[in-house]
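Chain by chain, the residues:
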Amino acid sequence: MRERTYAPSRILIYLVVSLIAAAWLAPLAVVVLNSLRTNEEIAQGSMIGWPQHFAWSNYAAAWSGFCVAETCAGIRPYMLNSALVTIPATIFSTLLGAVAGYAVSLWRFRGDSWIYGIVTLGIFLPQQMRLLPWTIVLRDTGLMNTLTGLVLIHTIQGLSFTTLFCRNYYVAIPHELIRAARIDGAGFFRVFWRIILPLSPPILVVTVVWQFTHIWNEFLYGVTFTTGQQQPVTAALIALSAAVADIPQHGVQSAAVIIAALPTLLIYLFGGRYFVRGLTAGAVK
Amino acid sequence: MTDAISTPMHPGRPATSDMVRRLPEYLMIWVPLLLSAAHLIAFSLWTIWISFTPSTLVPVTGWVGLRNYSAVAASRNWQIALDNLLLFGSTFVVLSLATGLILAILLDQRIRGENVLRSIFLYPLAVSFVVTGTVWSWLLNPGLGIQKLVHDLGWSSFRFDWLIDRDMAIWTIVIAAIWQSSGFAMALFLAGLRSVDADLIRAAQIDGAGPVRMYRRVILPTLWPITVTVIVIQLQFAISTFDLVRALTNGGPGIATQLPALVVYDLMFQRSLLGRGAAAAVLMLLILLGVLLPYAAWRYVQRRRTIHA
């Protein structure tokens, strides 16, 4: 049933799949093309069209030229903010999640399954239930409107995912390996460094890809807890579209959208396999 | 870590030093886990408590019973949000499931370029909802996007102005959400299709089953557990949808595409009605539990059955 090659039904399958694929790529193609068209060109026609000549200047303007509120520094400072939040939060949540996942899976202690159950609840709990408490915590610690505050939030919240990923991976490690090492006198950390960590790269890549994508794309906390120059790029994009609503600058905006999406798109392009694994690991527990 | 530090026993020291020596270990095990668990429980309880207080601009003590809840439930904003959630949630889940299943079955036909195609259907998931919402708002904007293009091509009576149509605007959210997340359903279904027992397929082939019969009778019935999981996760996504609407319609025109997550944000941070905002958040949680608890029960029964089987 799965090996015929040139039957009419095969042609139909290819046709349908290609059409859907074209529809799926269209939004991306539209933004890429618009990022190379001048604002006048877009205003005269529609958002959908081929550039008459390539307006590369849109990228320069999007990167460091256009103005949001009184600041005219383009998207660059917000990209930097996002990087300064995403990179440390990804590293911290991954490392802590690896230790926590290792502790609950291989270093059984009293109440571990309860703690683990509560931690993974964080995956389902709506962000809205935590908005007000985080506001209070950030205000009282003086971290409101700081990147450090966002790093803290994403590190703690990220633990729900990273602990789940690592725990599910570590339970498959033969317990005899751990038991033997413990009999030899190796403690918690020694087992972790010498046995667990060397076995971990496959799951750590998945966790890093997943956390990076998640944190980079996050919007609600960014827009709630930061303003102006402290905002991550997702929040800045919304501010940008509100700011240019009167004088449309769709060429520049498209370039800004591409730049903002580039880090996660690149990760997806080069680490798609790990991205999908994270997707399914998050879904099937 | 060097061997000197982790050498188990230092002779001559009192027993408490063992505890002290192992302190970093305990800290590393317990602090992150406890911090995570404690913040989830304490934050949830605190939000629930606030929802029963008369808090407006700042949290205050006091008890107003269910007054915040009745105020939220009676507001037009919330009623529209609930109607929209029902419509958006059901159509989005059904359509993205169908799209995902069709894509998975098509990709399962051993076609060329499967990897590339799979990547194309999945890439929206890697991009932020803010980005995809913005792009879809351009495409669906009648003055800029598809309608304008068709007009420019000469068909001037063509109309596709759902984005600014009060009755139709919610469908633009459905369209963008399907585009964004049916790749997820596809990925899970494809994994399910690929794990169908080869012997089962061979046996059906020997019995003379054609492709359609094969899928209907043999392959698709094995996908039920995955289908339920996908439905639950997509519903969970629908219930907490915020960024996509914020970027695509910002709840408009008027409040036509309002959803619970936007109402919560509006009450908490734009109208400074903390008590009501918290009540709306708790209502969101209850809706979510209405999906998750039956799912957890179903999972439990399934697991019991596989253990006893």
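Residues numbered from 1 in each chain as written. Chains lettered and ligands numbered in written order. Predicted model: local features only at pLDDT ≥ 70, side-chain atom pairs only at ≥ 80, totals over all residues. Heavy atoms only, no water.

Please clarify how the overall build of chain A should be interpreted in this entry.
Looking only at helices and strands, chain A features 13 helices and zero strands. Written out in order from the N terminus, the α and β elements of chain A read α-α-α-α-α-α-α-α-α-α-α-α-α. C-alpha atoms of chain A, sized along the principal axes, occupy 75 × 65 × 30 Å. Within chain A, the proportion of its 285 residues that are buried is 56%. Roughly 12400 Å² of accessible area belongs to chain A as shown, and the carbon and sulfur atoms make up 68% of that amount. For chain A, the distance from the average site of its 17 positive side-chain charges to the average site of its 10 negative ones is 15 Å. (Helix = DSSP H or I, 4+ residues; strand = E, 2+ residues; numbered from the N terminus. Buried < 20%, exposed > 50% of the residue type's maximum accessible area, 1.4 Å probe, protein only. Areas by Shrake-Rupley, 256 points an atom, 1.4 Å probe, with all protein chains shown as cover. Lys, Arg positive; Asp, Glu negative; His and termini not counted. Charge placed at Lys NZ, Arg CZ, Asp CG, Glu CD.)

Is there a simple way to explain the interface of chain A and chain B in this structure?
It is common to give the size of an interface as the accessible area that goes away when the parts come together. Tallying the contact residues gives 85 residues for chain A and 91 residues for chain B. For the pairing of chain A and chain B, the buried interface totals around 8000 Å² over both sides, and the portion due to carbon and sulfur atoms is 76%. Along the contact surface separating chain A from chain B lie zero salt bridges. At the junction of chain A and chain B, the tally comes to 15 residue pairs in polar contact (both at pLDDT 80 or more). A per-element tally of the side of chain A that touches chain B places helix α1 (residues 8–34) of chain A first, with 14 residues. (Contact = heavy atoms within 4.5 Å. Buried area = accessible area lost by both parts, 1.4 Å probe. Salt bridge = Lys/Arg side-chain N within 4 Å of Asp/Glu carboxyl O. Polar contact = N/O pair within 3.5 Å; in protein donor to acceptor, adjacent residues only side chain to side chain.)

Teacher, can you tell me more about the side chain of B:T132 here?
Residues and elements named next belong to chain B. Assignment of secondary structure puts T132 in helix α7 (residues 129–140). Classification of T132 as buried rests on a relative accessible area of 3%. Separated by 2.6 Å, the side chains of T132 and Q180 make a polar contact. Setting aside chain neighbours within four positions, we find T132 in contact with P124, V127, W179, Q180 and L244.

Would you mind showing me how to read the packing of helix α4 (residues 76–106) of chain A against helix α7 (residues 147–170) of chain A here?
Packed helix pairs are characterised by how far apart their axes lie and by the angle those axes make with each other. Residues and elements named next belong to chain A. Contact geometry of α4 with α7 gives a least axis separation of 6 Å together with a crossing angle of 35°. When the axes of α4 and α7 are compared, the crossing they make is right-handed. Of the residues belonging to the contact of α4 with α7, the class tally is 17 nonpolar, 11 polar and one charged. (Axes fitted to C-alpha atoms, helices over the stretch in contact; angles between N-to-C directions. Left-handed = near helix turned anticlockwise from the far one by under 90°. Nonpolar A, V, L, I, M, F, W, Y, C, P; charged D, E, K, R; others polar.)

Is there a simple way to explain the nonpolar core in this structure?
General note: in soluble globular proteins, nonpolar side chains tend to be found buried as a group. Ranked by internal contacts, the top residues of the largest apolar core, which has 184 residues, are A:I75, A:Y102, A:V191, A:I196, A:L237, B:F88 and B:F121. Top contributing element to this core by residue count: helix α9 (residues 169–194) of chain B, with 15 residues. When near neighbours in sequence (up to four residues on either side) are disregarded, A:I196 contacts A:Y102, A:L106, A:Y170, A:I173, A:I178 and A:V191. (Core = buried A, V, L, I, M, F, W, Y, C linked by side-chain atoms within 4.5 Å.)

It is not clear to me how the environment of B:L40 should be interpreted in this structure. Could you clarify?
Position of B:L40 among the secondary structure elements: in helix α3 (residues 23–50). What B:L40 contacts, discounting residues up to four positions off in sequence, is A:I118, A:V119, A:G122, A:L125, A:R130 and A:S160.

Whenever I open this one, the packing of aromatic side chains confuses me. Can you help?
By convention here, two paired aromatic rings are described through the distance between centres and the angle between planes. Counted under the stated rule, the structure contains 30 aromatic pairs over all chains. Judged by centre distance (5.2 Å) and plane angle (40°), the rings of A:Y102 and A:F192 are tilted. On the criterion of sequence distance, the pair formed by A:Y102 in helix α4 and A:F192 in helix α9 (residues 188–199) is long-range, its members being 90 residues apart. One exposure class covers both A:Y102 and A:F192, and it is buried. Here the aromatic rings of B:F129 and B:F237 are separated by 5.3 Å at their centres, their planes lie at 20°, and the arrangement is stacked. Within this pair, whereas B:F129 is found in helix α7, its partner B:F237 is found in helix α12 (residues 224–239), the two being separated by 108 residues in sequence. By relative accessible area, which is 17% here, B:F237 ends up buried. By the ring-pair criterion, three or more aromatic residues cluster together here, those being A:Y102, A:F188, A:F189, A:F192 and A:W193. (Phe/Tyr/Trp six-rings, centres within 6.5 Å; stacked < 30°, edge-to-face > 60°.)

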